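# Structural characterization, general
Listed below are the residues making up each chain.
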Amino acid sequence: QVQLVESGGGLVQPGGSLRLSCKVSGSILRVDGMGWYRQAPGTERELVAAIGDDDEITYADSVKGRFTISRDRPEKVAYLQMTNLKPEDTAVYYCRSEGIYSTLSRTRDYDYWGQGTQVTVSS
């Protein structure tokens, strides 16, 4: 009933920029929070940035001043603007969304992940 699709990944040189997008679709009543995570080979998935239902924003220390998370509420889309990219930013980036969706007979909470999009920073 809920789907998340990421886009915008690719290959970029150090110092370059990329913008990731995450679209939430389905029988959504309300999107409360959205976040971006990343996972490099042989590592655990880590939080990069998150935006809550009150628009409070959290960033990992490693990306502060370089990445910006934002959202378009009517379109149910979250963005991650990445600037001054470094080789250490290379990873698969995953979108996560929490909120409320509807079924035929009731309202339920949801917590879903997208399939991930590859970001590679290399010369």
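Structure report, in brief. Note that the coordinates shown come from a computational prediction; the quantities given were computed from them, not determined experimentally. (Residues numbered from 1 in each chain as written. Predicted model: local features only at pLDDT ≥ 70, side-chain atom pairs only at ≥ 80, totals over all residues. Heavy atoms only, no water.)

### Overview of the nonpolar core
It is characteristic of soluble globular proteins that their nonpolar side chains tend to be buried jointly. Among the nonpolar cores identified, the biggest contains 29 residues, and Met34, Trp36, Val48, Phe67, Leu80, Met82 and Tyr93 are the most heavily contacted of them. Elements with a contribution of two residues or more to this core: β1 (2–7), β3 (18–26), β4 (28–39), β5 (46–51), β7 (67–72), β8 (77–82), β9 (91–102) and β11 (117–121). (Core = buried A, V, L, I, M, F, W, Y, C linked by side-chain atoms within 4.5 Å. Buried < 20%, exposed > 50% of the residue type's maximum accessible area, 1.4 Å probe, protein only. Helix = DSSP H or I, 4+ residues; strand = E, 2+ residues; numbered from the N terminus.)

### Observations regarding the packing of aromatic side chains
On inspection of all chains with the given rule, the structure shows three aromatic pairs. When the ring centre of Tyr94 is taken as origin, the NZ or CZ atom of Arg45, which lies over that ring, is 3.6 Å away. In this arrangement the basic side chain of Arg45 is found over the ring face of Trp113, its NZ or CZ atom lying 4.8 Å from the centre. (Phe/Tyr/Trp six-rings, centres within 6.5 Å; stacked < 30°, edge-to-face > 60°. Lys NZ or Arg CZ within 6 Å of the ring centre and 35° of its normal.)

### What to know about the environment of Arg19
Inspection of the secondary structure puts Arg19 in strand β3. Note on Arg19: relative accessible area 48%, which makes it partly exposed. Residues Arg19 and Trp36, 17 residues apart in the sequence, show an inter-C-alpha distance of 12 Å. Each residue touching Arg19, except ones within four places of it in the same chain, is listed here: Ser7, Gly8, Tyr79, Leu80 and Gln81. (Contact = heavy atoms within 4.5 Å.)

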